[in-house]
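Inside the fold
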Amino acid sequence: MNASRPLLALPWLAVAAIAMGQDAPKPVRVVDLRKVEAIHGDAQAGIARAAVCGACHGPNGIGIAPNFPNLAGQSATYLYLQLKEFKEGERNDPVMTGQAATLSDEDMKNLAAHYASLGPKAATPADANPRGALIFHSGDPAVGAPPCQACHGADGRGPRPIWTASPQPSWVTYPALGGQPALYVTKQLTDFKSGARAGNSNARVMHGVAQNLSDADIQAVAAYISTL
């Protein structure tokens, strides 16, 4: 008997599954963020909506615990896109999914503008982390890891020119990382590595980057980022 013959039945099995009411796998939707234009919101109007956000992200946009990201000084376009992903189910979180569900598009733009207008967390230099510093600034060709600074800026505060430049640069969808809690960065890199975050072109890039990082490397670069 030819061992390859059963494979011929696979297309018929797929047809039969559809005929029996079983849905075929749906293609994964990936948003191309290179085509996203910079958003503009009313920072003053965003203050009122930010009251509930402060419970986790602090009154000044600095997270109150290491599992909450700092929002102050972040790119407004990046923040808006994250809120939109939570609202539309492209990104999942037990708290943020519910919070974003009540926000209008205007609310999200205003909130993003508000947090972008706040001063970012000051750098907190700590003990040297040579492995984390190497990956962030130079990458490691031996494991296929590019330098983080190429997209996130040499100081981790985002690429230059700054977010408020006019016209807006094409990288307004890249987040600033400097000062983000190590625990939060570790979780995000782990989610990129597992594919839990993969709904847009930036996430797909990060998926490829994180795949080449060991758990120890992820923790090292996250620890270094938290000091910037």
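Before reading on, note that the structure itself is shown above.
The following paragraphs examine the structure supplied in this document. Computed from a predicted model, the values in this text were never measured in an experiment.

**Section: the overall build of the protein chain**
A tally of regular secondary structure across the protein chain gives 11 helices and zero strands. The linear arrangement of helices and strands in the protein chain, starting from the amino end, is α-α-α-α-α-α-α-α-α-α-α. Expressed as a percentage of the 228 residues in the protein chain, the buried residues total 40%. Here the contacts in the protein chain between residues at least 6 apart in sequence split such that 66% fall between residues at least 24 apart. If you sum the accessible surface of the protein chain, you get close to 12,700 Å²; carbon and sulfur atoms cover 61% of it.

**Section: helix H4 (residues 76-88)**
With 13 residues, H4 extends 18 Å between its outermost C-alpha atoms, agreeing within 8% with the 18 Å of an ideal straight helix rising 1.5 Å per residue. Burial analysis of H4 places 10 of its 13 residues in the buried class, which makes it a mostly covered element. All of the buried residues in H4 are Ala76, Thr77, Tyr78, Leu79, Tyr80, Leu81, Gln82, Leu83, Glu85 and Phe86. Structurally, H4 contributes buried residues whose contacts are with helix H5 (96-101) and helix H6 (105-116). Phi for Gly89, located one or two positions after H4, is positive at around 80°.

**Overview of the nonpolar core**
In terms of nonpolar packing, the biggest core is built from 20 residues, with Phe136, Leu189, Val221 and Ile225 touching the most fellow members. Sorting the residues of this core by element identifies helix H7 (130-137), helix H9 (182-194), helix H10 (201-211) and helix H11 (215-225) as the ones contributing at least two each. At five residues, the largest contribution of residues to this core is made by H11. Here Ile225 is in contact with Phe136, Leu177, Gly178, Gly179, Gln180 and Val185, once residues within four sequence places are set aside.

**Some thoughts on the pattern of salt bridges**
Enumeration according to the criterion identifies seven salt bridges in this entry. Among the salt bridges present, the one from Asp32 reaches Arg34, with a minimum N-O distance of 2.9 Å. Note on Arg34: relative accessible area 70%, which makes it exposed. It is possible to trace a salt-bridge network through shared partners that takes in Arg131, Asp140 and Asp217.

Conventions and cut-offs
Residues numbered from 1 in each chain as written. Predicted model: local features only at pLDDT ≥ 70, side-chain atom pairs only at ≥ 80, totals over all residues. Heavy atoms only, no water. Helix = DSSP H or I, 4+ residues; strand = E, 2+ residues; numbered from the N terminus. Buried < 20%, exposed > 50% of the residue type's maximum accessible area, 1.4 Å probe, protein only. Contact = heavy atoms within 4.5 Å. Areas by Shrake-Rupley, 256 points an atom, 1.4 Å probe, with all protein chains shown as cover. Expected span 1.5 Å × (residues − 1). Core = buried A, V, L, I, M, F, W, Y, C linked by side-chain atoms within 4.5 Å. Salt bridge = Lys/Arg side-chain N within 4 Å of Asp/Glu carboxyl O.

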